[in-house]
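Coordinate analysis (summary)
Each chain is listed here by its residues.
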Amino acid sequence: MKIAIASGKGGTGKTTLSTNLAAYISETISNDSNGQVVLVDLDVEEPNSGLFIKGDILKDEYKYRATPVWDSNKCTLCGECKTICNFNAIAQLPNTILIFSELCHSCFACSELCPEQALPMVDKRMGVLKHYQQAGNLPNNDKLTFIESRLDIGEISAVPLIKQTIEYVEDNFSDEIIKIFDSPPGTSCPVIETIKDADFVILVTEPTPFGLHDLKLAVETVKELGREFAIVINRYGIGDNGVEQYCLENNIQIIGKIPNMRQAASLYSQGELLYDKIPAIKEQLVLIYQAINRINR
Amino acid sequence: MNIIFAVQNNDGWDSIISLKYGRAKGFFCYSQETDELTYYSNEENQNAGHGAGINAAQIAINQKASVVITGGSMGPKAFEVLNKANIKMFTQAGEVSVLVAYSNFKDNKYNQVLASDK
Ligand code: SF4
Ligand code: SF4
């Protein structure tokens, strides 16, 4: 089962929820011999789940994507390629074709349509995937696996790396295992790549007018993708009841309300998990996990 | 020689120079040989996610420009393309009219940019 944890913008508690929920689930299934939970940080431009979830590194591999390379011997400078590219990744100078591989989306169009076959696609490194075992904060916890991918500096498109990371997870873990995807912030292509095949999406928001504004955009995106979803309110107690009202009016389920507590902020800043130290937060995770199990059935 | 001016509006010699290059509203190309001033819209490019500078540089190359003049900045990718195409860049015009920018350029009041802003 794939659960994507997303939010309309960054800084709403996406990582807090992802890491604490994953660690909490791994603890509750500790006596189940087949139980397993996988936390995947897909916020590849700024992965930070790893600050809270440690573990022993099992695998560390580079990820590549294909970009065109110009063959000056074959090229007739017809200019097709620069016209075809939708991403402005190709410029034509009087005697040269310039390719900006960091802007290239690996769509293969230029390569396939070049009349001279002068643009072969060649693999280029885009980032690193790391796979940790025995993650989590419990001694001998072998239930939690943590996977994170990090985009190389200068790379502009996160989508190919997110796609390959999800493929890696699918190849290595069977369907019934709970997988928690910490999504990139926002509502653009990287988020869509993360949630488009999720079985369930949890949207994290703050109970403020700004939070509500971003939440509405996120809800639209999730609805367009036809995903099942519910809301978790983080820092519950600040702001107003606008988010709750909106959810009520639109028949959207709120499956958890994580209280706003100073202790939480200070633990977070020290890279600590919260649920094992703050009972009020653990209570909410219990409710969220119950909601997940209802959907899983 | 052909000279490209990045502009904020399409008002001939009275158009105001744009502070941005890749996301300028449009470009005027002035040909000293034929004394013609021609407008090229860049509006499609203004909203491009990435690579606006490359596209804008391509417009200058297509017009066989030798010089590009903007009001304030030149991004790294546009710089790279224009530099490789041996097109000289001048970015200190500010928000003056195309006419004023051209006369300042002719009077050697601008310095050629030799590195990108970033
Ligand atoms: S399409 Fe092929 S032949 Fe034409 S300019 Fe591009 S690389 Fe050269
Ligand atoms: S593969 Fe696609 S995105 Fe990349 S340069 Fe070619 S046409 Fe552009």
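Anything mentioned here points back to the structure above.
Residues numbered from 1 in each chain as written. Chains lettered and ligands numbered in written order. Predicted model: local features only at pLDDT ≥ 70, side-chain atom pairs only at ≥ 80, totals over all residues. Heavy atoms only, no water.

Turning to helix α7 (residues 242-249) of chain A, a few remarks are in order. Every α-helical turn comprises 3.6 residues, leaving residues that sit three or four positions apart pointing alike. Residue and element names in this part refer to chain A. Within the span of α7, buried status applies to Gly-242, Val-243, Tyr-246 and Cys-247. In an axial view of α7, the angular spread of the buried residues amounts to 135 degrees, which keeps them on one side of the axis. The outward face of α7, more than 90 degrees from its buried face, is lined by the exposed residues Leu-248 and Glu-249. Its buried side turned inward, α7 meets β9 (200-205), α6 (209-224), β10 (229-236) and β11 (254-259). (Buried < 20%, exposed > 50% of the residue type's maximum accessible area, 1.4 Å probe, protein only. Helix = DSSP H or I, 4+ residues; strand = E, 2+ residues; numbered from the N terminus. Arc of directions from axis to C-beta. Contact = heavy atoms within 4.5 Å.)

On to the environment of Pro160(A), then. All names here are of chain A. Among the secondary structure elements, Pro-160 is positioned in helix α4 (residues 159-172). What makes Pro-160 buried here is its relative accessible area of 14%. Taking the C-alpha atoms as reference points, Pro-160 and Lys-143, 17 residues apart in sequence, are found 28 Å from one another. Excluding residues within four positions of it along the chain, Pro-160 makes contact with Arg-65 and Met-126.

All right, on to the sheet that holds strand β2 (residues 26-31) of chain B then. Residue and element names in this part refer to chain B. Overall, mixed pairing links the 5 strands, which are arranged β3-β2-β1-β4-β5 in an open sheet. Of all the strands in the sheet, the pair left with one neighbour each is β3 (36-41) and β5 (88-90). Averaged over all pairs of adjacent strands, the angle between strand axes in this sheet comes to 20 degrees, irrespective of strand direction. One ladder, built from 6 bridges, connects β2 with β3; its direction is antiparallel. Across the sheet, residue Ser-31 finds its bridge partner in β3, namely Glu-36. (Pairing = 2+ DSSP bridges. Axes fitted to C-alpha atoms, helices over the stretch in contact; angles between N-to-C directions.)

That is the geometry; function is a separate question.
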